[in-house]
Amino acid sequence: MSDIKEIISGICPEAEFVEGGESLQVNVPESKWHDFAKALHDDRRLDFDVLTAVVGMDWKESLGVMYYLTSTSRGWDILEVKVEAPDAKNPFIHTVSDIWKVALFQEREVYDFFGIKFINHPDMRRMFLRNDWVGYPLRKDYDADPAKNPIRLEDEINEDDTCSYVEDEKGKIKRVPGKVFEDDEYVVNFGPQHPSTHGVMRMRASVDGETIKKVDMVSGYIHRGMEKLSEGLTYPQILHFTDRMDYMSAHQNRHCLCLCIEKALGLEVPRRAQVIRVMMDELMRISSHLLAFGCTAMDLGATTAFFYGFREREQVLDIFEKTCGARMSMNYNVIGGVIADLHPDFQKDVKELIRIMPERLKEYHTLFTGNIIAQNRLKNVGILSKEDAINYAITGPSGRGSNWSNDTRKVRPYSIYSELKFDEVLESGCDSYARYMVRMREIEESCKILAQLVDNIPEGDIRAMNVPKVIKLPVGHWYQQVEASRGAFGVYIESDGTKNPYRVHFQSPCFNLIGVMDLCCQGYMIADLITIGAALDFVIPDIDR
Amino acid sequence: MEVKIKSMKHEDFKDNEYIDKLVEELNASGANVAVGNLNQLINWGISNSLWPLTFGTSCCAIEFMSLGAARYDMARFGFEVARNSPRQADYIMVQGTIVHRMAPAMRRLYDQLAEPKYVIACGGCAVSGGPFKNSYCVVPGVDKILPVDVYIPGCPPRPEAFFYGLMQLQRKIKVQKFFGGINRKEKREEFFAAHPEDRGKLS
Ligand code: SF4
């Protein structure tokens, strides 16, 4: 780390280092930020090629952004960069979306929530809220008066209008209006209520004949404002949001939030609880991939395959139900452990699941994977190169389908994953078929993990004994990542020492996935829009939060 | 007259007073024999072939998918023909949170449904905003923008609860007066009383 400091000081003498956090933090002045970012990305000694998280912040006296960068070539070290907007009244920060493409959407989110405008960003529209929304909800001084933003039943107007902010030589910032689609483009609208968008995503595709020229993703149709809600709640009270975000990764997401809080508190989780958590995570992953299989098949018209996928999924849900008491929204992990001990049938049921799964997977492959229609519709469709996957920070099965090794369980192991034997599944096809295959093979890997653990669940407590009654985190900020079913899920918590978090940010993998829809779909047929979306497998409430 | 649902006894339902009241009104308004029988025939038909409009916004929708799969199999009740176009559906199953941005689309879908139309609010979010009630951009219950017939609480409701709610809707339909639509109109009158500004806007 110290050599990194030297290199950074060499590039940007104004950079200040903040010690004492969990990873190295650098504060850079806004005026130097863009050049500095470029150096971080391009300098081979630094090689920060992944922008993991972009967290908008309101520190009351100033507004700004925390960037979390990491480097695939240098062991996934994390660097935090703090950039403050010079003028809190009229905040501007230079965009880095030209360097890391993932920032295209991430910065729009920051703009939507904090009103920070990004200079040279090509498309400064709101991300989640209506374009006639008044105010920026995550600012601390946001006026939540419902009279300002009543439930409007009229449609939004001027949906095609966008703008960007450019700087002239004298440093004056000018607003340049633009259009999402030109007037003579033929635009097809999908959603928000459409059976194959996997939720309430809205896509607008401009087409030339049947060929897609551009896709505009409009999200926010299920934006529930969890981050703001969290600020008014105590730590145990915010846990349940994670189950409802990506409900197909409920256990992993909640695990992540618990890990983050435990890290901040310095809590040691009993071994038994850790094993249970990991087993639940893997069960959840299996159920999620089964659902993804069923839905991909159904989107191609293979309804029978959907029934097969759901048949096994029900078996997993039964295991959950017996132990957690619910089929979905399990609310199982708690700070310091898990809420209830395993059901006596747990081991028996898991063994049964592991026993049948190989057979069933074979069945799926005969039924669907080998099918000529499925092959034609998935192979060589929706190509996403490895470079693009990294640049857009596409983690999870979708990124691994582009041969990018990014499994958080391997690259930055948490809980007991470092002790387990399993392979990271990689495919080099870079197309929809590769993504689909990664999922199917991951089911096998998850079964492997379960098989290692099912007879080795240690006795002991299921929850740490020393969890304080009132949970107050020390002053500071923490970032934790886990591998959810769809990729790296991150939680950022900033605490001011009280029992409510000062800021919580959920970095969801699906949010990045929609960022590549435009890239993946260009040049393919309009019918491929659905299969590409299905193979990327996004869950909309995870995007919108 | 008793409202019958196959394989579930009258006593096993909750909220029977509500249905009893509808029956009473129906009897009091005294339809003639021909129209009365025709009513019953039509209602029998509608209640056993309720086609939902799939409108799942979040978690609850996944449970609804389980309903469609083999284990819970809603085809047993005649609910299986989930339509994706409001023009072909009988009722909206609102599964999930409705947020401000979605509200206009939601209302438009409701307006596009053909009469007779019904709304079921599934899950805490659709009933009242659920865990997100206090959020800046969540509609605290779909009944703020649509008239709702049946509420199914839960987060998410179990598949059995979905069925229970759907059967309640069947019972309600069985006592409606298709010709003249007295009972059916009632909920809309209640809705308009609470939302006078919407009168005339809702078709
Ligand atoms: S009621 Fe619960 S399960 Fe249903 S949409 Fe709301 S949060 Fe999700």
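Residues numbered from 1 in each chain as written. Chains lettered and ligands numbered in written order. Predicted model: local features only at pLDDT ≥ 70, side-chain atom pairs only at ≥ 80, totals over all residues. Heavy atoms only, no water.

Enquirer: Any chance you could explain the overall build of chain A here in plain terms?
Expert: Each helix and strand in chain A was counted, giving 18 helices and 17 strands. With respect to the three principal axes, the spread of C-alpha positions in chain A is 70 × 60 × 55 Å. Taking all 545 residues of chain A together, 63% fall into the buried category. A separation threshold of at least 6 residues defines the contact pool for chain A, and within that pool the share at least 24 residues apart is 66%. Accessible area for chain A stands at about 19500 Å²; split by element, carbon and sulfur atoms hold 50% of it. Taking the average place of the 65 positive charges on the side chains of chain A and the average place of its 84 negative ones, the gap between the two points comes to 3 Å. (Helix = DSSP H or I, 4+ residues; strand = E, 2+ residues; numbered from the N terminus. Buried < 20%, exposed > 50% of the residue type's maximum accessible area, 1.4 Å probe, protein only. Contact = heavy atoms within 4.5 Å. Areas by Shrake-Rupley, 256 points an atom, 1.4 Å probe, with all protein chains shown as cover. Lys, Arg positive; Asp, Glu negative; His and termini not counted. Charge placed at Lys NZ, Arg CZ, Asp CG, Glu CD.)

Enquirer: Looking at this structure, how should I read the domain arrangement of chain A?
Expert: Interface size is commonly expressed as the accessible surface area that is lost when the partners come together. Residue and element names in this part refer to chain A. Structurally, chain A comprises domain 1 (2–180) and domain 2 (226–463 + 492–543). Placing the centre of domain 1 and that of domain 2 at their C-alpha centroids yields a distance of 28 Å. Domain 1 puts 36 residues into the contact, and the matching count from domain 2 is 24 residues. The contact between domain 1 and domain 2 buries some 2400 Å² in all, and 57% of this surface belongs to carbon and sulfur atoms. At the boundary of domain 1 with domain 2, the tally comes to 1 salt bridge. Here lysine 140 and glutamate 231 are joined by a salt bridge, their closest N and O atoms 3.2 Å apart. There are 11 residue pairs in polar contact (both at pLDDT 80 or more) connecting domain 1 and domain 2. Those elements that place two or more of their residues in the side of domain 1 that touches domain 2 are strand 3 (50–58), strand 4 (63–70) and helix 3 (103–114). (Domains from an automatic or database assignment. Buried area = accessible area lost by both parts, 1.4 Å probe. Salt bridge = Lys/Arg side-chain N within 4 Å of Asp/Glu carboxyl O. Polar contact = N/O pair within 3.5 Å; in protein donor to acceptor, adjacent residues only side chain to side chain.)

Enquirer: Can you walk me through helix 9 (residues 346–369) of chain A in this structure?
Expert: Turn by turn, an α-helix covers 3.6 residues, leaving residues three or four places apart pointing in a common direction. Residue and element names in this part refer to chain A. Its maximal kink placed at methionine 357, helix 9 deviates by approximately 35°, while the proline proline 358 follows within four residues. By the burial criterion, the buried members of helix 9 are Phe346, Asp349, Val350, Leu353, Ile354, Ile356, Met357, Leu361, Tyr364, Phe368 and Thr369. On its buried face, helix 9 is in contact with helix 7 (271–299), helix 8 (303–324), helix 10 (372–378) and helix 14 (432–454). (Bend = angle between axes of the 7 residues up to and from the residue.)

Enquirer: Help me understand empty space enclosed by the protein in this model?
Expert: Once rolled over the atoms, a probe with the size of a water molecule shows which space is left empty. Residues and elements named next belong to chain A. Counted under the stated rule, the structure contains 7 cavities of 30 Å³ or more. In this structure, the largest cavity occupies an estimated 150 Å³ of space. Around the largest cavity, the lining comprises 17 residues; the ones closest to its centre are Val50, Thr52, Thr395, Gln481 and Ala488. Looking at the lining of the largest cavity, the elements that each hand over two or more residues are strand 3, helix 13 (408–411) and helix 15 (509–515). Tallied by class, residues from the lining of the largest cavity come to 7 nonpolar, 9 polar and 1 charged. Here the lining of the largest cavity gathers at least three residues from each of two domains, domain 1 (2–180) and domain 2 (226–463 + 492–543). (1 Å grid on protein atoms, 1.4 Å probe; cavity = no way out; pocket = protein on both sides within 12 Å on 5 of 7 lines; lining within 4 Å. Points joined across faces, edges and corners; volume = space filled by probe spheres on them. Nonpolar A, V, L, I, M, F, W, Y, C, P; charged D, E, K, R; others polar.)

Enquirer: What is the right way to read the pattern of salt bridges from this model?
Expert: Side-chain pairs of opposite charge can arise whenever the charged atoms involved come near each other. Residues and elements named next belong to chain A. The tally for this structure, following the rule as stated, stands at 50 salt bridges over all chains. With its nearest N and O atoms 3.3 Å apart, the salt bridge here joins lysine 448 to aspartate 423. Of this pair, lysine 448 sits in helix 14 while aspartate 423 sits in the loop between helix 13 and helix 14, placing them 25 residues apart in sequence. For aspartate 423, a relative accessible area of 46% corresponds to the partly exposed category. By sharing partners, the salt bridges in this structure join Arg108, Asp123, Arg125, Asp160, Arg204 and Asp216 into a single network.

Enquirer: What's the story with the packing of aromatic side chains in this structure? I'm lost.
Expert: Geometrically, a pair of aromatic rings is defined through the distance of the ring centres and the angle of the planes. Residues and elements named next belong to chain A. Applying the stated criterion across every chain yields a total of 23 aromatic pairs over all chains. By the ring-pair criterion, three or more aromatic residues cluster together here, those being Phe293, Tyr364, Phe368, Tyr433 and Tyr436. One Lys or Arg, arginine 545, reaches over the ring of phenylalanine 511 and ends 5.5 Å from the middle of that ring. (Phe/Tyr/Trp six-rings, centres within 6.5 Å; stacked < 30°, edge-to-face > 60°. Lys NZ or Arg CZ within 6 Å of the ring centre and 35° of its normal.)

Enquirer: Looking at this model, I keep getting lost on the sheet that holds strand 11 (residues 202–208) of chain A. Mind explaining?
Expert: What holds strands together in a sheet is hydrogen bonding between their backbones, with the strands either parallel or antiparallel. All names here are of chain A. Spatially, the 3 strands line up as an open sheet ordered 10-11-12, and their pairing is antiparallel. Two strands close off the open sheet at either side, each with one partner strand: strand 10 (186–190) and strand 12 (211–218). Neighbouring strand axes in the sheet, compared pairwise and without regard to direction, differ in orientation by 25° on average. The sheet contact formed by strand 11 and strand 12 spans 7 bridges and is antiparallel. Across the sheet, residue valine 207 finds its bridge partner in strand 12, namely isoleucine 212. (Pairing = 2+ DSSP bridges. Axes fitted to C-alpha atoms, helices over the stretch in contact; angles between N-to-C directions.)

Enquirer: Sorry, what's going on with the side chain of Ser71(A) here?
Expert: All names here are of chain A. Following the sequence through the fold, serine 71 ends up in the loop between strand 4 and strand 5 (78–84). Its relative accessible area of 0% is what places serine 71 among the buried residues. In terms of polar contacts, serine 71 uses its side chain to reach the backbone carbonyl oxygen of aspartate 47, at 3.0 Å. Those residues within four positions of serine 71 in sequence are excluded, and the remaining contacts are Leu46, Asp47, Phe48, Asp49, Trp76 and Asp77.

Enquirer: Got a minute to help me understand the site of the ligand in this structure?
Expert: In the neighbourhood of the ligand, the contacting residues comprise Arg244(A), Ser58(B), Cys59(B), Cys60(B), Gly96(B), Gly123(B), Gly124(B), Cys125(B), Phe132(B), Gly154(B), Cys155(B) and Pro156(B). At the site occupied by the ligand, nearby residues are drawn from chains A and B. For the shell around the ligand, the elements supplying multiple residues, two or more each, are helix 3 (59–68) and helix 5 (123–128) of chain B. Sorting elements by how many residues they give to the shell around the ligand places helix 5 of chain B first, with 3 residues. When grouped by side-chain class, the residues that make up the shell around the ligand number 6 nonpolar, 5 polar and 1 charged. (Near = heavy atom within 4 Å.)

Enquirer: Mind showing me how you'd approach the interface of chain B and chain A here?
Expert: Facing 43 residues of chain B, the contacting portion of chain A comprises 51 residues. Buried surface at the junction of chain B and chain A, summed over both partners, amounts to about 3800 Å²; 65% is from carbon and sulfur atoms. Among the residues of chain B in contact with chain A, Arg101(B), Phe132(B) and Tyr136(B) are the three that bury the most area, contributing 23% of the side total. At the junction of chain B and chain A, the tally comes to 5 salt bridges.

Enquirer: Please explain the layout of surface pockets as it appears in this structure.
Expert: The computed volume of the largest pocket comes to approximately 900 Å³. The wall of the largest pocket is formed by 37 residues, among which Pro195(A), Met298(A), Thr54(B), Met65(B) and Asn84(B) lie closest to the centre. When residues of the lining of the largest pocket are traced back to their parent elements, those giving at least two are helix 7 and helix 8 of chain A together with strand 1 (52–56) and helix 3 of chain B. Residues of the lining of the largest pocket, tallied by class, amount to 21 nonpolar, 12 polar and 4 charged.

Enquirer: How should I be thinking about the pairing of strand 4 of chain A in this particular structure?
Expert: A regular strand places its side chains on the two faces of the sheet in alternate fashion. All names here are of chain A. For strand 4, a buried count of 8 out of 8 residues is recorded, marking the element as mostly surrounded by other parts of the structure. Covered by surrounding structure in strand 4 are Leu63, Val65, Tyr67 and Leu69 together with Gly64, Met66, Tyr68 and Thr70, the residues of both alternating faces. Connecting strand 3 to the antiparallel partner strand 4 that follows it, the hairpin turn spans 4 residues, and lysine 60 within it adopts a positive phi of roughly 70°. Alignment of strand 4 against strand 5, held across 7 bridges, turns out to be antiparallel. When the bridges of strand 5 are listed, leucine 69 appears paired with leucine 79.

Enquirer: What is the right way to read helix 3 of chain A from this model?
Expert: All names here are of chain A. Over its 12 residues, helix 3 extends 15 Å from the first C-alpha to the last, a length consistent with the 16 Å expected when each residue adds 1.5 Å. Across the 12 residues of helix 3, 11 count as buried, placing the element largely inside the fold. Taken together, the buried positions of helix 3 are occupied by Ala103, Phe105, Gln106, Glu107, Arg108, Glu109, Val110, Tyr111, Asp112, Phe113 and Phe114. (Expected span 1.5 Å × (residues − 1).)

Enquirer: Where do I start with the environment of Leu46(A) in this structure?
Expert: All names here are of chain A. Its location among the elements puts leucine 46 in the loop between helix 2 (30–42) and strand 3. For leucine 46 and arginine 74, which are 28 residues apart along the polypeptide, the C-alpha to C-alpha distance reads 8.2 Å. Other than its neighbours up to four places away in sequence, leucine 46 contacts Ile4, Ile7, Ile8, Ile11, Ala39, Leu40, Ser71 and Arg74.

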